[in-house]
Amino acid sequence: MAKASLLSTLLFFLYPILSYSQTLPINVWPKPTNISWPVPTAAPLSPSFKIISPCADHSYLQSAVERFTSLLFSERYYPIVTPAVNLTTSRPLLSLTISVADLSVPLQHGADESYALSITSSTGLANLSAATAWGAMRGLETFSQLTWGADPPLVATDVYVADRPLFPHRGLMLDTARNYYPVADILRTIEAMGANKLNVFHWHLTDAQSFPIVLPTEPGLAEKGSYGTGMQYTPDDVKTVVEFGMSRGVRVMPEIDAPAHTGSWAGAHPDIVTCANMFWVPNGAADWPNRLAAEPGTGQLNPLKSETYDVFRNVAADVASLFPEQLYHAGADEVTPGCWKADSSIQAFLAAGGTLSQLLELFVSSTHSFVLSLNRTVVYWEDVLLDPVVRVNPALISPKNTILQTWNNGPNNTKLIVSAGYRAIVSSSDFYYLDCGHGDFVGNNSIYDSVGSDSDSDGGSWCGPFKTWQRIYDYDITYGLSEDEAKLVLGGEVALWSEQADSTVLDGRIWPRASAMAEALWSGNRDPAGRKRYAEATDRLNDWRHRMVGRGIRAEPIQPLWCRTRPGMCNTT
Amino acid sequence: MTTSSLILLLVIIAIITPSLIHSTPHPPINVWPKPTSISWLPNPNPNPNSSYLSLSLSPSFRIFPLFPIHLHPPLRRALYRYHRLLLRERHVPLLPPPTPPISPAPLSLLLLSVSSLSAPLHPGANESYLLSLPIPTHGAANLSANLSAATPWGAIRGLETLSQLATAVPGSGAGDGAVVVPAGVEIRDAPLHPHRGVVLDAARSYYPVCDVMRTVRAMAHNKLNVLHWHLSDAQAFPLSLPSEPNLARRGAYPTPFPATYSPRDVRRVLRFALSFAVRVVPEIDAPGHTGSWAGAYPDIVTCANKFWLPPGGPPLAAEPGTGQLNPLNPETYRVVRNVFRDVAALFPDPYIHAGADEVNAACWDDDPAVRRFIAAGGTHDQLLEIFVNATRPFIADTLNRTVVYWEDVLLGPNIKVGAAALPPETTVLQTWNNGPTNTKRLTAAGRYDWQDSDEPGHPFNYAGGNGGSWCAPFKTWQRIYDYDILHGLTDEEAGRVLGGEVALWSEQADGTVLDGRLWPRAAAMAEALWSGNRDETGKKRYAEATDRLNEWRHRMVQRGIRAEPIQPLWCVLHPGMCNLVQ
């Protein structure tokens, strides 16, 4: 790793850095940290072009090499605006040679993703050097994006890239519990993530509505809690997803949400779930103290039942054996007082002077230590620490082995988390929730009754309005933090909660908005002068969206095609 | 017992039996949009366990027209399509209701009668139909159903209804896999509003013909009857016209595919739409929104190819993409007439939409001739009037079409013409601003109107929330469903409202996301305009509509329309549990 860093440092000094304000004829998304292409030229890819990898025994890198070799010739990408480059008169590009400093580095948090790429016209050779196999995959992606056309494809030449991400955790959360997604959708999403240099697929596997993952030790959970046999993820499916992610440098972080959001556990284990299968707002009033759940689908694990822990341990152990990922997301969001209070044993506990927070502490202290015993780091939603009513004493969740994911109050909660010494993953619902602003899904709601009503002026969803790509792009996830605090921010995740999304609309909900975050977390959202670069990013994102569509990702358009062919004409200044 | 008392007794049975039958709830009829009237025929041989029966569809089921079908090719194509759909769809609802016992005699025939076979698919065409599915009688080996309609177009609506009544029986056991329809039901149906449409903007983004056709098909499944095809705008002119080929050649998107609609493409769409009883109203927007004409005719377009927000000056266009036809250039009218003559030759519909929205003074002022005209005391209103007076009579009188304009032409707010230039007999205005207020202004002025209101109603210029779009927030299906397009009108005024259209402007939509943007939200308007958004007691029926719309969305997805989900599947499987009030 030290060797690769040295190499990168050398590259930074050796190559002149091109001004960021200049738009290149062909672009890479996310924009590399450093790219130098002083004289835009291109060469055809030789028909015998080869990617030479020293690492045939690294099956994931080998699979990436084969995939990219095929993509280079099959993609047939024609940019909307034909790149203004001179074709080199010398020779076609013969090969891309990969060197990796340390092939043994596993795909885990903090794995070095830096790489350096040079494509030289005079020799007809390209070189990619990376600290790790995962960095090499990032470099291969960059190389593929510097290639366009067909018969033969052209590749940018005399271009030098030295690249590494700003943040180690760049993720996408997909909720496969509110609605089910076939495995093919998940694979396509991970493929697109790799292309955007995102590296963590946060798989929100279970919730109140369904429990789609089949666990060998607790098969009843999926049998009774999934939407049906056709809507489950078997251990083989999980293996497919994990392996698919590995050959794209995308980690797969499972989330089993508990103790709330567990109504779906009640089919197999009715005794450990309080308030299961009840109407979610029993008094007809949706105010918080009356609710049994944050949304329809009630049920919370009962911390006072020992069987709860038996089931939890079975689940966590199975999940840990299915997912090699070092981070285990254990949920712990939105514990709803009314649901626990509906249970008689809990009523007795509270009557004897116990508190709701003590109940959560019982649950967390037992389950947190169990997950640690599986050699995992625990990730929770911020609620476990910051919920105004039900939260735990920080002493129970040591910052050493606990990471908190923030979703409320924008930068304020990020600050609360890191100032308490925890590492943070940022998923602010004000910026990064992809489902927001799409109306409310609950039924029989009379707010729509009157013609003059503006009750849904925010788009009728709790986190409206819709998060545009610009809003996502411009969010600074370390805003207002000291330098030391900022170091505790691991990165961010856009999140698609699936109350109103499924397979039919998946791609358009995620892309290209997730690409906006991908660039902001990879190389930032500012130019070297410190100015936000959204204006120049618009054209590049148009191109990247166009390219993604060509690769089979149904990303939504951000502008009429007219705008891309008339640079600047669709701007406001 | 005398003969007369026997007769009396029979009569009494006939009166009592229906109430006995109806003491158990009848099987749900999940047809979207909900039919106006559904009645159940008394079962003469009630089974002690169930008052209702199902009919299985015979594998040799046929649709038999009681008239020479070869005289009506579009209806013949519709019969073919619906026959195939009936036998092959094999739809299983997400929450299959219990299937009433299946009658031993299958349904083998649908007798179709149409009283006026020659009725054209015109505005106000009669779409009513009567569909009755028989009660099996003892000994009958084969049963036939009846569909009668005033016109072929009503017959097509009835066929759609029949297709939605058909479901496959899931699970194992007797009748497993059979396609069944309810027995003994009679549906009398007709729309509340004659004009129920979708605006598809094919100029900001191009939609391949297959996307347009899929949209037409989805419209027919929802009994929508007008595709308002917005075919030209500042950004592109995708329609290839024989007399003016350069407009598309120089104005359509160039790459990477031929992003045009050839006359052949148009005829394909029209033929397809006709067999689904969907009218296609073309819109050529002018004099605003015409920047794309400048490629072929730079001289007739003012302010073309300029930056839309000049520093220090007023905007040159409502959005990026400048250019307006110059009313003072005689060449303008030569081109416009060629365009509309070709459009009228291609599109048989009695309506032609001629746009006239968002005319911009600064864009005209960019032209020296216009500046001279203004300096000599002329007004922008006069300029628009010159344009309208030189083009509208040509479309109305020479081409014999009703001219549709956006409301702007009369209501401004900036540039407008006097009412005298827009004779109500041949003018329809489409409203899109100020919700019910502008509808009232238009209908009070005696103009026929259809709705396309962005506030609080329909279009989906998508960006949702206050997510930075001019017409935010996102229009949820509930908001669309609940909009009463006659709100605040007198009966006389209401009589002038032809109906409504949902609109998809395509700045941020194209083929990748088309279905999810339109459906099922357009379905919400489809029901509101077909049978209303209220139950018999006048209460809005959005609550019960939620469950039905979930099922209908599921069925649309099965039919290849990528409609977006409105709730988690859990809600569908747990009826009522996702309501705000139980």
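We now turn to the structure provided with this report. Remember, it's a predicted structure, so these values are computed and weren't measured experimentally. (Residues numbered from 1 in each chain as written. Chains lettered and ligands numbered in written order. Predicted model: local features only at pLDDT ≥ 70, side-chain atom pairs only at ≥ 80, totals over all residues. Heavy atoms only, no water.)

### Here's the deal with the sheet that holds strand E18 (residues 423–426) of chain A
All names here are of chain A.
Here comes step 1: Strands sit in the order E10-E11-E12-E15-E16-E17-E18-E19 around a closed barrel of 8 strands; the barrel is parallel. Ignoring which end each strand starts from, the neighbouring axes of this sheet average 30° apart.
Here comes step 2: In this structure, strand E11 (residues 200–204) lies alongside strand E12 (residues 251–258), joined through 5 bridges in parallel fashion. Bridged to His-202 within E12 is Met-253.
Here comes step 3: Packed onto the sheet, helix H10 (residues 356–373) meets E12, strand E15 (327–331), strand E16 (377–381) and strand E17 (402–406) and runs at close to 140° relative to E16. (Pairing = 2+ DSSP bridges. Helix = DSSP H or I, 4+ residues; strand = E, 2+ residues; numbered from the N terminus. Axes fitted to C-alpha atoms, helices over the stretch in contact; angles between N-to-C directions. Contact = heavy atoms within 4.5 Å.)

### Thoughts on the interface of chain B and chain A
Here comes step 1: Of the residues lining the interface, 63 residues belong to chain B; the matching set on chain A comes to 64 residues.
Here comes step 2: In this assembly, chain B and chain A are joined by 4 salt bridges.
Here comes step 3: One salt bridge in this structure joins Arg-509 of chain A and Glu-564 of chain B, with 2.7 Å as the shortest N-O distance.
Here comes step 4: The tally of links between chain B and chain A comes to 23 residue pairs in polar contact (both at pLDDT 80 or more).
Here comes step 5: The set of elements that each furnish at least two residues to the side of chain B that touches chain A consists of helix H13 (477–482), helix H15 (514–518), helix H17 (542–558) and helix H18 (569–573) of chain B.
Here comes step 6: Looking at the side of chain B that touches chain A, the element that brings in the most residues is H17 of chain B, giving 5 residues.
Here comes step 7: Its residues placed into classes, the side of chain B that touches chain A shows 31 nonpolar, 20 polar and 12 charged. (Salt bridge = Lys/Arg side-chain N within 4 Å of Asp/Glu carboxyl O. Polar contact = N/O pair within 3.5 Å; in protein donor to acceptor, adjacent residues only side chain to side chain. Nonpolar A, V, L, I, M, F, W, Y, C, P; charged D, E, K, R; others polar.)

### Observations regarding the nonpolar core
Here comes step 1: Counting residues in hydrophobic clusters, the biggest one holds 160 residues, and the most contacted among them are Phe-143 and Trp-511 of chain A.
Here comes step 2: Ranked by residue count, the leading element in this core is helix H7 (residues 306–322) of chain A, at 8 residues.
Here comes step 3: Beyond its immediate chain neighbours, meaning those up to four positions away, Trp-511 of chain A contacts Leu-172, Thr-189, Ala-192, Met-193, Asn-196, Leu-198, Met-548, Ile-553, Ala-555 and Glu-556 of chain A.
Here comes step 4: The next biggest cluster of nonpolar side chains, apart from the first, holds 155 residues, and it includes Trp-229, Val-280, Ala-294 and Ile-395 of chain B. (Core = buried A, V, L, I, M, F, W, Y, C linked by side-chain atoms within 4.5 Å. Buried < 20%, exposed > 50% of the residue type's maximum accessible area, 1.4 Å probe, protein only.)

### Here's the deal with the pairing of strand E16 (residues 427–431) of chain B
Successive side chains on a regular strand alternate, one facing one side of the sheet and the next facing the other.
Here comes step 1: With respect to burial, E16 of chain B is a largely interior element, 5 of its 5 residues being buried.
Here comes step 2: Side-chain alternation along E16 of chain B places Thr-427, Leu-429 and Thr-431 of chain B on one buried face and Val-428 and Gln-430 of chain B on a second face that is also buried.

### Some words on the packing of helix H2 (residues 59–74) of chain A against helix H3 (residues 133–145) of chain A
Between two packed helices, the angle of one axis relative to the other and the distance separating the axes together describe the packing.
Residue and element names in this part refer to chain A.
Here comes step 1: Two numbers describe how H2 lies on H3: the axes approach to 10 Å, and their chain directions differ by 0°. Taken together, the axis directions place H2 and H3 in an arrangement best described as roughly parallel. Across the interface between the two elements, Tyr-60, Leu-61, Ala-64, Val-65, Phe-68, Leu-71 and Leu-72 of H2 pack against Ala-133, Trp-134, Ala-136, Met-137, Leu-140, Glu-141, Phe-143 and Ser-144 of H3.
Here comes step 2: Residue composition of the contact of H2 with H3, grouped by class: 13 nonpolar, 1 polar and 1 charged. (Parallel < 35°, antiparallel > 145°, perpendicular 65-115°, else oblique.)

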